[in-house]
Amino acid sequence: MHLQPVRLFRGYIVNPAAEDRYALYTDGGLAVDANGIILDVGAYHEMRRQHPGAAIIDCSDRLILPGFIDTHTHLPQFGAVALYGKELPEWLNEHIFPAERQFTPEAADTQCPIFFHSLLAFGVTTAAIYCAVRKDSTHVAFQWAERTGIRAIIGKVMMDRNAPDFLLENTSDSLRAGEELCREWHGAANGRLLYAFTPRFAPTCSRALMKGVSDLAGRYGAYIQTHLAENRAEIQWVRDLFPEMRSYTEVYFGVGLLGPKTLLAHAIHVGADERRLLAETQSCLSHCPTSNLFLKSGLMPLRELMNSRLRIGLGSDVGGGPTLSPFEVMRSAIYTHTARRMLHDVDGGDISPATALYLATLGGAAALGLDNKIGSLVRGKEADFVVVNPRRLSPLPTDKWMDLSSDTLLSRMIFLGDDRVVEQTYVRGALCHDRHSNENIGRQR
Ligand SMILES: [Zn+2]
(Lines give C-alpha, C1' and ligand atoms only; values in the text may rest on other atoms or scores of the structure.)
Protein backbone atom coordinates (compact mmCIF):
# COMPACT_ATOMS: atom_id res chain seq x y z
CA MET A 1 0.00 0.00 0.00
CA HIS A 2 1.22 3.48 -0.84
CA LEU A 3 1.75 5.35 2.43
CA GLN A 4 0.75 8.98 2.55
CA PRO A 5 2.66 11.44 4.74
CA VAL A 6 1.02 12.97 7.78
CA ARG A 7 -1.96 15.05 6.68
CA LEU A 8 -3.35 17.98 8.60
CA PHE A 9 -7.04 18.70 7.90
CA ARG A 10 -7.98 22.27 8.70
CA GLY A 11 -11.65 23.00 9.42
CA TYR A 12 -14.41 23.77 11.90
CA ILE A 13 -14.22 20.66 14.06
CA VAL A 14 -17.24 19.45 16.01
CA ASN A 15 -16.34 16.53 18.23
CA PRO A 16 -18.97 14.71 20.34
CA ALA A 17 -17.63 14.00 23.82
CA ALA A 18 -20.67 12.80 25.79
CA GLU A 19 -24.45 12.56 25.52
CA ASP A 20 -24.90 16.32 26.01
CA ARG A 21 -21.45 17.68 25.31
CA TYR A 22 -19.16 18.27 22.34
CA ALA A 23 -15.80 19.92 21.86
CA LEU A 24 -15.36 22.62 19.27
CA TYR A 25 -12.43 24.09 17.35
CA THR A 26 -13.69 26.81 15.04
CA ASP A 27 -10.27 26.87 13.38
CA GLY A 28 -9.23 23.33 14.11
CA GLY A 29 -6.61 20.88 12.91
CA LEU A 30 -6.91 17.11 12.64
CA ALA A 31 -3.56 15.37 12.13
CA VAL A 32 -3.77 11.90 10.59
CA ASP A 33 -0.81 9.57 10.11
CA ALA A 34 0.03 7.36 7.16
CA ASN A 35 -1.96 4.45 8.61
CA GLY A 36 -5.12 6.49 9.08
CA ILE A 37 -4.68 6.91 12.83
CA ILE A 38 -5.40 10.25 14.47
CA LEU A 39 -2.17 11.78 15.78
CA ASP A 40 -3.72 14.85 17.28
CA VAL A 41 -6.65 17.23 17.20
CA GLY A 42 -6.77 20.81 18.41
CA ALA A 43 -6.45 24.44 17.39
CA TYR A 44 -5.07 24.62 13.86
CA HIS A 45 -2.06 26.83 14.60
CA GLU A 46 -1.02 24.61 17.48
CA MET A 47 -1.35 21.49 15.31
CA ARG A 48 0.62 23.22 12.55
CA ARG A 49 3.42 23.97 14.99
CA GLN A 50 3.49 20.39 16.23
CA HIS A 51 3.37 18.79 12.78
CA PRO A 52 5.46 21.12 10.62
CA GLY A 53 5.99 18.53 7.88
CA ALA A 54 2.32 17.66 7.44
CA ALA A 55 0.53 18.07 4.12
CA ILE A 56 -2.23 20.63 4.69
CA ILE A 57 -5.73 19.79 3.48
CA ASP A 58 -7.68 22.99 3.68
CA CYS A 59 -11.32 22.52 4.69
CA SER A 60 -11.38 25.82 6.55
CA ASP A 61 -14.85 26.77 5.29
CA ARG A 62 -16.18 23.33 6.12
CA LEU A 63 -17.28 21.35 9.18
CA ILE A 64 -15.32 18.27 10.16
CA LEU A 65 -17.23 15.68 12.20
CA PRO A 66 -16.80 12.02 13.08
CA GLY A 67 -18.40 9.71 10.52
CA PHE A 68 -21.97 8.61 11.15
CA ILE A 69 -22.69 5.11 12.40
CA ASP A 70 -25.75 3.20 11.20
CA THR A 71 -26.28 0.45 13.75
CA HIS A 72 -29.07 -1.32 11.88
CA THR A 73 -29.83 -1.73 8.18
CA HIS A 74 -30.74 -4.44 5.64
CA LEU A 75 -28.80 -4.57 2.39
CA PRO A 76 -31.21 -6.74 0.33
CA GLN A 77 -34.11 -4.43 1.23
CA PHE A 78 -32.48 -1.41 -0.41
CA GLY A 79 -34.57 -1.88 -3.55
CA ALA A 80 -37.80 -2.31 -1.55
CA VAL A 81 -37.85 0.99 0.34
CA ALA A 82 -40.74 3.38 0.83
CA LEU A 83 -43.52 0.84 0.26
CA TYR A 84 -46.02 2.40 2.61
CA GLY A 85 -49.13 0.98 4.20
CA LYS A 86 -48.56 -2.27 6.03
CA GLU A 87 -47.31 -3.11 9.49
CA LEU A 88 -44.38 -5.42 10.15
CA PRO A 89 -45.82 -8.96 9.68
CA GLU A 90 -47.75 -8.18 6.46
CA TRP A 91 -44.95 -5.95 5.14
CA LEU A 92 -42.42 -8.77 5.61
CA ASN A 93 -44.63 -11.23 3.72
CA GLU A 94 -45.66 -8.92 0.91
CA HIS A 95 -42.51 -6.94 0.21
CA ILE A 96 -39.48 -8.08 2.13
CA PHE A 97 -39.34 -11.85 1.87
CA PRO A 98 -39.76 -11.65 -1.94
CA ALA A 99 -37.00 -9.02 -2.09
CA GLU A 100 -34.70 -11.19 0.00
CA ARG A 101 -35.46 -14.17 -2.21
CA GLN A 102 -34.10 -12.22 -5.15
CA PHE A 103 -30.83 -11.44 -3.41
CA THR A 104 -28.74 -13.86 -5.45
CA PRO A 105 -24.96 -13.41 -5.75
CA GLU A 106 -25.53 -11.76 -9.14
CA ALA A 107 -28.07 -9.34 -7.66
CA ALA A 108 -25.74 -8.70 -4.73
CA ASP A 109 -22.95 -7.87 -7.13
CA THR A 110 -25.13 -5.13 -8.63
CA GLN A 111 -26.72 -3.82 -5.44
CA CYS A 112 -23.78 -3.86 -3.02
CA PRO A 113 -21.63 -1.14 -4.64
CA ILE A 114 -24.67 1.16 -4.91
CA PHE A 115 -25.65 0.48 -1.31
CA PHE A 116 -22.17 1.05 0.12
CA HIS A 117 -21.53 4.15 -1.99
CA SER A 118 -24.91 5.53 -0.91
CA LEU A 119 -24.01 5.04 2.76
CA LEU A 120 -20.66 6.75 2.22
CA ALA A 121 -22.34 9.59 0.32
CA PHE A 122 -24.49 10.21 3.40
CA GLY A 123 -21.37 10.34 5.55
CA VAL A 124 -21.93 6.90 7.06
CA THR A 125 -18.52 5.37 7.80
CA THR A 126 -19.70 2.32 9.78
CA ALA A 127 -22.80 0.20 9.33
CA ALA A 128 -24.20 -2.95 10.97
CA ILE A 129 -25.87 -4.80 8.13
CA TYR A 130 -28.21 -7.75 7.63
CA CYS A 131 -27.91 -9.65 4.36
CA ALA A 132 -30.43 -12.28 3.27
CA VAL A 133 -30.13 -15.98 4.10
CA ARG A 134 -27.77 -16.95 1.27
CA LYS A 135 -24.17 -17.44 2.29
CA ASP A 136 -22.80 -16.77 -1.20
CA SER A 137 -24.57 -13.39 -1.44
CA THR A 138 -23.30 -12.41 2.01
CA HIS A 139 -19.81 -13.26 0.83
CA VAL A 140 -20.30 -10.87 -2.11
CA ALA A 141 -21.43 -8.15 0.32
CA PHE A 142 -18.23 -8.53 2.34
CA GLN A 143 -16.14 -8.35 -0.83
CA TRP A 144 -17.83 -5.07 -1.80
CA ALA A 145 -17.49 -3.65 1.70
CA GLU A 146 -13.80 -4.43 1.51
CA ARG A 147 -13.48 -2.78 -1.90
CA THR A 148 -15.45 0.38 -1.14
CA GLY A 149 -13.54 1.02 2.09
CA ILE A 150 -16.52 1.25 4.43
CA ARG A 151 -16.33 -0.17 7.96
CA ALA A 152 -19.00 -2.81 8.34
CA ILE A 153 -20.43 -5.46 10.59
CA ILE A 154 -22.30 -7.89 8.35
CA GLY A 155 -24.19 -11.11 8.86
CA LYS A 156 -26.25 -13.56 6.92
CA VAL A 157 -29.84 -13.76 8.15
CA MET A 158 -30.73 -17.06 9.82
CA MET A 159 -34.26 -18.52 9.81
CA ASP A 160 -35.21 -22.15 10.47
CA ARG A 161 -38.97 -21.87 11.01
CA ASN A 162 -42.10 -19.78 10.32
CA ALA A 163 -40.74 -18.26 7.13
CA PRO A 164 -41.55 -18.92 3.46
CA ASP A 165 -40.06 -22.17 2.11
CA PHE A 166 -37.77 -20.31 -0.24
CA LEU A 167 -35.96 -18.66 2.70
CA LEU A 168 -36.05 -21.48 5.23
CA GLU A 169 -32.89 -23.24 6.30
CA ASN A 170 -32.08 -26.40 8.14
CA THR A 171 -30.77 -25.47 11.62
CA SER A 172 -27.35 -27.07 11.35
CA ASP A 173 -26.82 -25.82 7.77
CA SER A 174 -27.62 -22.30 8.91
CA LEU A 175 -25.15 -22.50 11.79
CA ARG A 176 -22.47 -23.99 9.58
CA ALA A 177 -22.88 -21.28 6.92
CA GLY A 178 -22.71 -18.56 9.57
CA GLU A 179 -19.60 -20.08 11.09
CA GLU A 180 -17.86 -20.33 7.72
CA LEU A 181 -18.57 -16.68 6.96
CA CYS A 182 -17.41 -15.67 10.43
CA ARG A 183 -14.12 -17.56 10.05
CA GLU A 184 -13.44 -15.92 6.73
CA TRP A 185 -14.50 -12.33 7.46
CA HIS A 186 -14.53 -11.52 11.18
CA GLY A 187 -11.58 -9.14 11.60
CA ALA A 188 -10.78 -8.95 7.87
CA ALA A 189 -9.32 -5.84 6.22
CA ASN A 190 -7.24 -5.23 9.32
CA GLY A 191 -10.29 -5.25 11.59
CA ARG A 192 -12.46 -3.01 9.40
CA LEU A 193 -14.86 -5.87 8.62
CA LEU A 194 -16.57 -7.83 11.37
CA TYR A 195 -19.09 -10.62 11.52
CA ALA A 196 -22.48 -10.62 13.22
CA PHE A 197 -24.50 -13.79 13.66
CA THR A 198 -27.93 -12.66 12.55
CA PRO A 199 -30.93 -14.72 13.66
CA ARG A 200 -33.73 -12.59 12.21
CA PHE A 201 -35.96 -12.58 15.29
CA ALA A 202 -37.44 -15.05 17.77
CA PRO A 203 -40.53 -15.97 15.67
CA THR A 204 -38.44 -17.36 12.79
CA CYS A 205 -35.71 -19.01 14.87
CA SER A 206 -35.83 -22.23 16.86
CA ARG A 207 -34.30 -22.45 20.30
CA ALA A 208 -31.62 -24.75 18.90
CA LEU A 209 -30.66 -22.16 16.31
CA MET A 210 -30.48 -19.32 18.83
CA LYS A 211 -28.48 -21.42 21.30
CA GLY A 212 -26.12 -22.41 18.50
CA VAL A 213 -25.66 -18.73 17.64
CA SER A 214 -24.85 -17.93 21.24
CA ASP A 215 -22.14 -20.63 21.30
CA LEU A 216 -20.61 -19.61 17.99
CA ALA A 217 -20.58 -15.87 18.71
CA GLY A 218 -18.90 -16.56 22.05
CA ARG A 219 -16.33 -18.83 20.47
CA TYR A 220 -15.32 -16.35 17.78
CA GLY A 221 -15.85 -13.10 19.69
CA ALA A 222 -18.31 -12.07 16.98
CA TYR A 223 -21.46 -9.97 17.23
CA ILE A 224 -25.07 -11.05 17.45
CA GLN A 225 -27.72 -8.84 15.87
CA THR A 226 -31.46 -9.38 15.95
CA HIS A 227 -34.80 -7.60 16.42
CA LEU A 228 -36.67 -7.07 19.68
CA ALA A 229 -40.20 -5.92 20.55
CA GLU A 230 -40.85 -3.90 17.42
CA ASN A 231 -44.52 -4.51 16.71
CA ARG A 232 -47.47 -5.51 18.94
CA ALA A 233 -48.58 -8.41 16.71
CA GLU A 234 -44.99 -9.66 16.63
CA ILE A 235 -44.86 -9.58 20.44
CA GLN A 236 -48.10 -11.58 20.65
CA TRP A 237 -46.61 -14.07 18.19
CA VAL A 238 -43.58 -14.49 20.47
CA ARG A 239 -45.88 -14.95 23.47
CA ASP A 240 -47.71 -17.74 21.61
CA LEU A 241 -44.48 -19.44 20.59
CA PHE A 242 -42.80 -19.17 24.01
CA PRO A 243 -45.71 -19.29 26.51
CA GLU A 244 -43.43 -20.20 29.41
CA MET A 245 -41.36 -17.02 29.07
CA ARG A 246 -42.37 -13.82 30.82
CA SER A 247 -41.23 -11.50 28.06
CA TYR A 248 -39.68 -11.24 24.61
CA THR A 249 -36.40 -10.12 26.18
CA GLU A 250 -36.44 -13.15 28.44
CA VAL A 251 -36.72 -15.44 25.39
CA TYR A 252 -33.38 -14.11 24.17
CA PHE A 253 -31.91 -14.24 27.65
CA GLY A 254 -33.01 -17.86 28.03
CA VAL A 255 -31.09 -19.00 24.95
CA GLY A 256 -27.98 -16.99 25.83
CA LEU A 257 -28.36 -14.35 23.15
CA LEU A 258 -27.98 -11.28 25.37
CA GLY A 259 -24.61 -9.71 26.13
CA PRO A 260 -22.29 -6.79 25.42
CA LYS A 261 -21.78 -7.79 21.78
CA THR A 262 -25.51 -8.19 21.11
CA LEU A 263 -27.25 -5.49 19.16
CA LEU A 264 -31.05 -5.43 19.40
CA ALA A 265 -33.01 -3.31 16.98
CA HIS A 266 -36.17 -1.39 17.96
CA ALA A 267 -36.95 -2.35 21.59
CA ILE A 268 -40.04 -0.15 21.44
CA HIS A 269 -42.38 -2.10 23.71
CA VAL A 270 -40.18 -3.20 26.60
CA GLY A 271 -41.24 -3.08 30.24
CA ALA A 272 -39.18 -2.20 33.30
CA ASP A 273 -38.16 -5.85 33.90
CA GLU A 274 -36.95 -6.14 30.34
CA ARG A 275 -35.00 -2.90 30.58
CA ARG A 276 -33.31 -4.24 33.70
CA LEU A 277 -32.43 -7.51 31.98
CA LEU A 278 -30.99 -5.64 29.00
CA ALA A 279 -28.93 -3.41 31.31
CA GLU A 280 -27.68 -6.30 33.45
CA THR A 281 -26.47 -8.20 30.41
CA GLN A 282 -24.99 -4.99 28.93
CA SER A 283 -26.86 -5.61 25.70
CA CYS A 284 -27.01 -2.75 23.20
CA LEU A 285 -29.88 -1.18 21.34
CA SER A 286 -30.41 0.30 17.92
CA HIS A 287 -33.04 3.03 17.83
CA CYS A 288 -34.71 3.12 14.41
CA PRO A 289 -37.15 6.05 14.55
CA THR A 290 -37.81 6.43 10.80
CA SER A 291 -38.72 2.77 10.54
CA ASN A 292 -40.77 2.82 13.75
CA LEU A 293 -42.92 5.59 12.29
CA PHE A 294 -43.02 4.27 8.73
CA LEU A 295 -44.20 0.79 9.75
CA LYS A 296 -46.44 2.24 12.48
CA SER A 297 -44.60 0.19 15.08
CA GLY A 298 -44.55 2.76 17.87
CA LEU A 299 -42.55 5.43 19.67
CA MET A 300 -39.43 4.04 21.32
CA PRO A 301 -38.93 5.30 24.90
CA LEU A 302 -35.47 6.65 24.17
CA ARG A 303 -35.10 8.74 27.30
CA GLU A 304 -36.14 5.93 29.64
CA LEU A 305 -33.79 3.51 27.90
CA MET A 306 -30.94 6.01 28.07
CA ASN A 307 -31.70 6.51 31.76
CA SER A 308 -31.42 2.72 32.19
CA ARG A 309 -27.76 3.20 31.25
CA LEU A 310 -28.10 1.20 28.07
CA ARG A 311 -25.78 1.81 25.15
CA ILE A 312 -27.89 3.01 22.22
CA GLY A 313 -27.07 3.88 18.63
CA LEU A 314 -29.25 4.97 15.72
CA GLY A 315 -30.31 2.81 12.77
CA SER A 316 -31.84 3.55 9.39
CA ASP A 317 -33.44 0.07 9.26
CA VAL A 318 -33.74 0.29 5.49
CA GLY A 319 -36.19 -0.93 4.10
CA GLY A 320 -38.39 -0.54 7.22
CA GLY A 321 -37.00 2.97 7.21
CA PRO A 322 -37.32 4.66 3.82
CA THR A 323 -33.82 6.16 3.61
CA LEU A 324 -30.20 5.57 4.60
CA SER A 325 -29.90 9.25 5.58
CA PRO A 326 -28.48 9.63 9.10
CA PHE A 327 -29.80 13.20 9.05
CA GLU A 328 -33.34 11.92 8.59
CA VAL A 329 -32.78 9.36 11.35
CA MET A 330 -31.37 11.97 13.76
CA ARG A 331 -34.26 14.38 13.27
CA SER A 332 -36.78 11.54 13.51
CA ALA A 333 -35.24 10.57 16.85
CA ILE A 334 -35.89 14.12 18.03
CA TYR A 335 -39.44 14.23 16.60
CA THR A 336 -40.27 10.84 18.12
CA HIS A 337 -39.11 11.94 21.53
CA THR A 338 -41.09 15.18 21.19
CA ALA A 339 -44.23 13.24 20.27
CA ARG A 340 -43.78 10.98 23.30
CA ARG A 341 -43.37 13.98 25.55
CA MET A 342 -46.60 15.40 24.24
CA LEU A 343 -48.44 12.12 24.82
CA HIS A 344 -46.84 10.92 28.04
CA ASP A 345 -45.17 12.35 31.08
CA VAL A 346 -41.51 11.85 30.11
CA ASP A 347 -38.77 13.25 32.33
CA GLY A 348 -35.56 14.76 31.13
CA GLY A 349 -36.37 17.50 28.64
CA ASP A 350 -35.68 17.56 24.92
CA ILE A 351 -33.38 15.34 22.94
CA SER A 352 -31.12 18.11 21.65
CA PRO A 353 -29.36 18.18 18.28
CA ALA A 354 -26.10 17.61 20.19
CA THR A 355 -27.56 14.45 21.74
CA ALA A 356 -28.84 13.25 18.37
CA LEU A 357 -25.36 13.78 16.91
CA TYR A 358 -23.85 11.91 19.85
CA LEU A 359 -26.19 8.94 19.25
CA ALA A 360 -25.27 8.90 15.55
CA THR A 361 -21.51 8.95 16.27
CA LEU A 362 -19.92 8.21 19.65
CA GLY A 363 -23.09 6.63 21.07
CA GLY A 364 -23.31 4.31 18.08
CA ALA A 365 -19.63 3.43 18.46
CA ALA A 366 -20.24 2.60 22.13
CA ALA A 367 -23.22 0.43 21.18
CA LEU A 368 -20.92 -1.52 18.86
CA GLY A 369 -18.18 -1.67 21.49
CA LEU A 370 -15.94 0.29 19.12
CA ASP A 371 -15.73 3.59 20.99
CA ASN A 372 -12.06 2.98 21.70
CA LYS A 373 -11.51 3.01 17.92
CA ILE A 374 -14.07 5.30 16.30
CA GLY A 375 -16.99 7.65 17.08
CA SER A 376 -15.02 10.79 17.89
CA LEU A 377 -11.86 12.49 16.72
CA VAL A 378 -9.38 11.69 19.46
CA ARG A 379 -5.67 10.87 19.41
CA GLY A 380 -5.13 7.16 18.82
CA LYS A 381 -8.51 6.49 17.24
CA GLU A 382 -8.96 5.65 13.56
CA ALA A 383 -9.69 8.64 11.35
CA ASP A 384 -13.31 8.02 10.30
CA PHE A 385 -14.74 11.45 9.54
CA VAL A 386 -16.86 13.56 7.22
CA VAL A 387 -16.43 16.99 5.72
CA VAL A 388 -19.70 18.90 5.60
CA ASN A 389 -20.44 22.07 3.62
CA PRO A 390 -22.40 24.39 5.92
CA ARG A 391 -23.22 26.80 3.09
CA ARG A 392 -25.75 24.28 1.81
CA LEU A 393 -27.53 24.55 5.17
CA SER A 394 -28.23 28.27 4.89
CA PRO A 395 -31.67 29.21 3.62
CA LEU A 396 -30.31 32.53 2.38
CA PRO A 397 -27.16 32.74 0.28
CA THR A 398 -26.19 35.92 2.16
CA ASP A 399 -25.96 34.07 5.52
CA LYS A 400 -22.53 34.05 7.11
CA TRP A 401 -22.42 30.63 8.71
CA MET A 402 -19.31 31.43 10.72
CA ASP A 403 -21.38 33.98 12.67
CA LEU A 404 -23.85 31.30 13.79
CA SER A 405 -23.47 29.51 17.11
CA SER A 406 -22.30 25.90 16.96
CA ASP A 407 -25.66 24.79 18.41
CA THR A 408 -27.45 26.56 15.54
CA LEU A 409 -25.13 24.95 13.02
CA LEU A 410 -25.82 21.50 14.47
CA SER A 411 -29.54 22.16 14.50
CA ARG A 412 -29.45 23.26 10.84
CA MET A 413 -27.38 20.24 9.90
CA ILE A 414 -29.74 17.79 11.55
CA PHE A 415 -33.03 19.34 10.44
CA LEU A 416 -31.96 20.37 6.92
CA GLY A 417 -29.09 18.01 6.10
CA ASP A 418 -28.95 15.34 3.42
CA ASP A 419 -26.28 13.83 1.19
CA ARG A 420 -25.77 17.15 -0.62
CA VAL A 421 -24.03 18.62 2.42
CA VAL A 422 -21.52 15.76 2.70
CA GLU A 423 -18.49 16.65 0.60
CA GLN A 424 -16.01 13.96 1.61
CA THR A 425 -16.14 10.79 3.67
CA TYR A 426 -12.97 9.24 5.10
CA VAL A 427 -12.64 5.82 6.69
CA ARG A 428 -9.40 5.09 8.54
CA GLY A 429 -7.91 8.13 6.83
CA ALA A 430 -8.76 6.90 3.31
CA LEU A 431 -10.99 9.03 1.10
CA CYS A 432 -13.96 6.75 0.31
CA HIS A 433 -16.37 9.33 -1.08
CA ASP A 434 -15.81 12.67 -2.74
CA ARG A 435 -19.00 14.41 -3.76
CA HIS A 436 -17.28 16.30 -6.54
CA SER A 437 -16.05 13.18 -8.28
CA ASN A 438 -19.10 11.01 -7.48
CA GLU A 439 -22.05 13.21 -8.36
CA ASN A 440 -23.66 10.34 -10.24
CA ILE A 441 -23.83 8.12 -7.14
CA GLY A 442 -26.12 10.55 -5.30
CA ARG A 443 -28.70 10.21 -8.03
CA GLN A 444 -28.77 6.44 -7.71
CA ARG A 445 -29.86 6.69 -4.09
ZN1 LIG B 1 -34.51 -4.49 10.85
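What counts and how
- Residues numbered from 1 in each chain as written.
- Predicted model: local features only at pLDDT ≥ 70, side-chain atom pairs only at ≥ 80, totals over all residues.
- Heavy atoms only, no water.
- 1 Å grid on protein atoms, 1.4 Å probe; cavity = no way out; pocket = protein on both sides within 12 Å on 5 of 7 lines; lining within 4 Å.
- Points joined across faces, edges and corners; volume = space filled by probe spheres on them.
- Helix = DSSP H or I, 4+ residues; strand = E, 2+ residues; numbered from the N terminus.
- Buried < 20%, exposed > 50% of the residue type's maximum accessible area, 1.4 Å probe, protein only.
- Pairing = 2+ DSSP bridges.
- Right-handed = clockwise from strand over helix to strand, strands pointing away.
- Axes fitted to C-alpha atoms, helices over the stretch in contact; angles between N-to-C directions.
- Contact = heavy atoms within 4.5 Å.
- Core = buried A, V, L, I, M, F, W, Y, C linked by side-chain atoms within 4.5 Å.
- Salt bridge = Lys/Arg side-chain N within 4 Å of Asp/Glu carboxyl O.

### Concerning empty space enclosed by the protein
Right, so step 1: Applying the stated criterion across every chain, the model contains three cavities of 30 Å³ or more.
Right, so step 2: Taken as a whole, the largest cavity encloses approximately 90 Å³ of empty space.
Right, so step 3: Residue lining of the largest cavity: His74, Gln77, Leu88, Trp91, Leu92, Arg200, Phe201, His227, Glu230 and Asp317, and that is the complete set.
Right, so step 4: In this structure, the second largest cavity spans a volume of roughly 70 Å³.
Right, so step 5: Taken together, Phe68, Ile69, Asp70, Val124, Leu314, Gly315, Ser316, Leu324, Ser325, Pro326, Val329 and Ala360 form the lining of the second largest cavity.
Right, so step 6: Secondary structure elements with two or more residues in the lining of the second largest cavity: strand E5 (68-74) and helix H13 (326-343).
Right, so step 7: If one sorts the elements of the lining of the second largest cavity by residue count, E5 sits on top with three residues.

### Things to note about the pairing of strand E10 (residues 223-228)
Right, so step 1: With six of six residues buried, E10 lies mostly within the body of the structure.
Right, so step 2: Burial along E10 is two-sided: the residues Tyr223, Gln225 and His227 and Ile224, Thr226 and Leu228 are all buried.
Right, so step 3: Relative to E10, strand E9 (residues 193-199) runs parallel, the two sharing two bridges. Bridge pairing links Ala196 to Tyr223 in E10.
Right, so step 4: Crossover connection from E9 via helix H7 (residues 207-220) to parallel E10: handedness right-handed.
Right, so step 5: By the bridge criterion, five bridges tie E10 to strand E11 (residues 262-266) in an arrangement that is parallel. In the strand pairing of E11, Thr226 is matched with Leu264.

### Observations concerning the sheet that holds strand E2 (residues 21-32)
Right, so step 1: Spatially, seven strands are ordered E3-E2-E1-E4-E14-E15-E16 in an open sheet, and the strand pairing comes out mixed. Because the sheet does not close on itself, it has two edges, and the strands there are strand E3 (38-43) and strand E16 (430-434). Taking the axes of each pair of neighbouring strands and ignoring which way they run, one obtains an average angle of 40° across the sheet.
Right, so step 2: Sheet topology note: the strand E4 (residues 55-66)/strand E14 (residues 385-388) ladder contains four bridges and is antiparallel. Looking at the pairing, Ile64 lines up with Val387 of E14.
Right, so step 3: Along the sheet, helix H3 (residues 105-121) contacts strand E15 (422-427) and E16; its crossing angle with E15, the most-contacted strand, is approximately 110°.

### Some points on the nonpolar core
Right, so step 1: Core analysis: the biggest nonpolar cluster contains 116 residues, and Phe116, Tyr252 and Met413 have the highest contact counts within it.
Right, so step 2: Look past the residues within four positions of Met413 in its chain and what remains in contact with it is Leu65, Phe68, Phe327, Leu357, Val388 and Leu393.

### Thoughts on the pattern of salt bridges
Right, so step 1: Using the criterion set out here, one finds 26 salt bridges in the structure.
Right, so step 2: Of the charged contacts, one joins Asp173 and Arg176 as a salt bridge, the two residues approaching to 3.3 Å between their closest N and O atoms. With Asp173 and Arg176 both in helix H5 (residues 171-185), this residue pair falls three residues apart, about one helical turn.
Right, so step 3: The partner of Arg246 in a salt bridge is Glu250, and the shortest N-O contact between them spans 2.8 Å.
Right, so step 4: Each of Asp61, Arg62, Arg391 and Glu423 takes part in one network of salt bridges that share partners.

### Quick look at the layout of surface pockets
Right, so step 1: The calculated volume of the second largest pocket comes to roughly 220 Å³.
Right, so step 2: In terms of lining residues, the second largest pocket is bounded by Glu19, Met306, Arg309, Leu310, Arg311, Ile312, Tyr358, Leu359, Gly363 and Ala366.
Right, so step 3: Those elements that place two or more of their residues in the lining of the second largest pocket are strand E13 (311-314), helix H14 (353-360) and helix H15 (362-367).

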